[in-house]
Amino acid sequence: MDVLIPKKKWSFVTRWWWLVALVLAAMGLAVMYWPRPGQRLHVAASRLTISPVIRGNFQEFTAIDGVVQPLRTVYLDAAEAGTVQQVLVEEGVTLTAGQPLLRLANPDLQLEMVNRETAVYELMNNLRNTRNQLLQNRILRQNQLAEIDFQLAEARRVFDTNQLLYDQQVIARQDYLQSQNAYRYQRRRRQLTQQTLRQDSIAMLQQLGTMQESVQRMSSNLALMRRKLDDLLLRAPVGGQLSSLAAEVGEAKTRGQRLGQIDALEGVKLHAVVDEFYIARIETGQAGEVVVEGQAYPLRVTKIFAQVAKGLQIDLAFTGASPPGLRRGQTLPIRLALSAKTPAVLLPRGGFYQQTVGNWAFRLGPDGSRAQRVAIRLGRQNPDYYEVLAGLQPGDQVVTSSYEGYADQQELVLDNRQP
């Protein structure tokens, strides 16, 4: 049969504990989700970086590192192969143009020089002998012509005399004709001799000219050979500092092998690499500057390399005097301008931007003991400043250090006593 079970009732203690639990849950939800506009945090002033808002000229620029290089570098290559016989200078010395650097030895080249000198001397002797022989032949022809002139004059005298006697019918016709033929023969003989002498003169001049040209060519080759021997003594083509010299006594060098380089004393330039992001904004003549010991030295872009390797490579030259004491390979910080200078309200860069993205910042009050969260708007930026478009005025003091741990705060209380 069915049995009636009585209904259980909560005791007073149980009800009280449930009420307390509900109240605590409601308070927790209120703490989590209820807005907290007046929340503030005490911060040690020594942990913050406070920067003033200023009015000045804003310019977009990128900071790059420039490596000091000589304005002009002259490379030293071996003009002729040889063995290093003597090294006359050391790296780092300052050279004058034409100063000997090292000497190479090449016995094969020296032997070839001797053979060519012998060939030139033989050709010159042949030329001298040929010239003497041709002159003797010319003198012989001239003697023959003189003798023919004498015989022609005698034949003409006889012919003129016989012609007069023949007209007077004193001599026979046979004698007259004989003297006439003798005269004609001597005249024709003289013409042929003159023609032969003329042709011999032309041939002599041609032969002498050809031999003279041969002598000149061989002399030019000999002079070139002497220059090749002179190239075994390596000299400084320009004055400057010998930045490197790769040569040891007894070391064999091939033709065209790099032996060293000279940095001409004409000034220095800076070689830098610009991030590829700025490729479209870099052009020849663009301005920049480098600051050395607090003094700014203006620069300009003189060369842009076509090949892009880990960035855009450029060369910059000083538009005026360069900083004293610069050494090859030294690194200097360069500010490369990307725009013109324009008036603007400026805020120094800082770590706060990582948490705010330029939308708000902590601005100090008049007494400097509290920093209120205010909305701001930033524009352009460079490695030193942000351009302030709204929310801040010149003279304001702003916390520009990192806001890590402060992002949810509305106010910072600066406590100088807090460590």
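Named according to an unreviewed UniProt entry, the protein chain is HlyD family efflux transporter periplasmic adaptor subunit originating from Hymenobacter terrestris.

**Q** Please clarify how the sheet that holds strand E7 (residues 94-95) should be interpreted in this entry.
**A** Across the sheet, which stays open at both edges, the 4 strands sit in the order E5-E12-E10-E7 with antiparallel pairing between neighbours. Of all strands in the sheet, those bounded by a partner on one side alone are strand E5 (73-77) and E7. As judged from the 2 bridges shared by E7 and strand E10 (residues 240-245), these two strands associate in the antiparallel manner. Paired with Thr94 across the two strands is Gln241, which belongs to E10.

**Q** Could you clarify how one ought to interpret helix H2 (residues 107-167) in this entry?
**A** Owing to its 3.6 residues per turn, the α-helix aligns residues three or four sequence positions apart on the same side. Taking 1.5 Å of rise per residue, the 61 residues of H2 would be expected to cover 90 Å, and the 89 Å separating its terminal C-alpha atoms lies within 8% of that figure. Positioned one or two residues after H2, Gln169 has a phi angle of 60°, which is positive.

**Q** Before we go on, may I ask you to explain the pairing of strand E16 (residues 312-318) in this structure?
**A** Regular strands have side chains that alternate between both faces of the sheet. The element E16 is extensively covered by neighbouring structure, given that 6 of its 7 residues are classed as buried. In terms of strand pairing, strand E13 (residues 268-274) meets E16 through 6 bridges, oriented antiparallel. The partner of Lys269 across the bridge, within E16, is Ala317. Bridge count between strand E15 (residues 295-308) and E16: 6 bridges; the pairing is antiparallel. Within the sheet, the bridge partner assigned to Arg300 lies in E16 and is Ala317. Remark: 3 residues form the turn of the hairpin made by E15 and E16, two consecutive strands paired antiparallel; Lys310 in that turn has positive phi of roughly 55°.

**Q** Looking at this model, I keep getting lost on the layout of surface pockets. Mind explaining?
**A** It is the rolling of a water-molecule-sized probe over the atoms that shows where space remains empty. The space that makes up the largest pocket amounts to roughly 350 Å³. Together, 16 residues line the largest pocket, and Gln241, Asp263, Leu326, Arg327 and Arg328 are the ones closest to its centre. Among the elements of the structure, strand E4 (61-70), E10 and strand E12 (258-264) are those that each provide at least two residues to the lining of the largest pocket. Along the lines of polarity and charge, the residues of the lining of the largest pocket split into 7 nonpolar, 5 polar and 4 charged. The volume enclosed by the second largest pocket comes to roughly 250 Å³. Taken together, 15 residues make up the lining of the second largest pocket; nearest its centre are Gln59, Phe61, Glu289, Arg335 and Lys341. Going through the elements one at a time, strand E3 (54-58), strand E14 (287-292) and strand E17 (331-337) are the ones with two or more residues in the lining of the second largest pocket.

**Q** Is there a simple way to explain the pattern of salt bridges in this structure?
**A** Close approach of charged atoms allows side chains of opposite charge to pair. Summed over all chains, the structure comprises 13 salt bridges. A salt bridge links Arg258 to Asp77; its shortest N-O distance comes to 2.5 Å. Note that Arg258 is positioned in strand E12 and Asp77 in strand E5, a separation of 181 residues in sequence. Residue Arg258 is classed as partly exposed on the basis of its relative accessible area, which comes to 44%. The partly exposed category is assigned to Asp77, whose relative accessible area is 33%. Across the pair Arg156 and Asp160 runs a salt bridge whose closest N-O atoms are separated by 3.9 Å. One end of the pair is Arg156 and the other is Asp160, both in helix H2 and 4 residues apart, which spans about a single turn. Residue Arg156 is classed as partly exposed on the basis of its relative accessible area of 43%. A residue is classified by how much of its surface remains accessible, and Asp160, at 36% relative accessible area, is partly exposed.

Cut-offs used in this document
For every chain, the first residue of the written sequence is number 1, and numbering continues from 1 onward in sequence order. Per-residue local features are limited, in this predicted model, to residues with pLDDT of at least 70; the limit for side-chain atom pairs, both in listing and counting, is 80 or more; totals at the level of whole chains, interfaces and linings are taken over all residues. To get the side-chain values, take all heavy atoms of the structure and skip hydrogens and water. Strands are treated as partners if at least two bridges between them are detected by DSSP. In this description a helix means any DSSP run of H or I spanning at least four residues, a strand means any run of E spanning at least two, and both kinds are numbered starting from the N terminus. One less than the number of residues in a helix, times 1.5 Å, gives the span that helix is expected to have. When accessible area is computed with a 1.4 Å probe and restricted to protein chains, residues below 20% of their type maximum are described as buried, those above 50% as exposed, and intermediate ones as partly exposed. Using a grid of 1 Å spacing that covers the protein atoms alone, one calls a set of points a cavity when a 1.4 Å probe fits there but cannot get out, and a pocket when the set is open and has protein on both sides within 12 Å along at least five of seven lines; lining residues are those with an atom within 4 Å of a point. Grid points are joined across faces, edges and corners, and a volume is the space filled by probe spheres set on the points. Polar here means any residue outside two lists: the nonpolar Ala, Val, Leu, Ile, Met, Phe, Trp, Tyr, Cys and Pro, and the charged Asp, Glu, Lys and Arg; Gly therefore counts as polar. Only one rule defines a salt bridge in this text: a Lys or Arg side-chain nitrogen within 4 Å of an Asp or Glu carboxyl oxygen.

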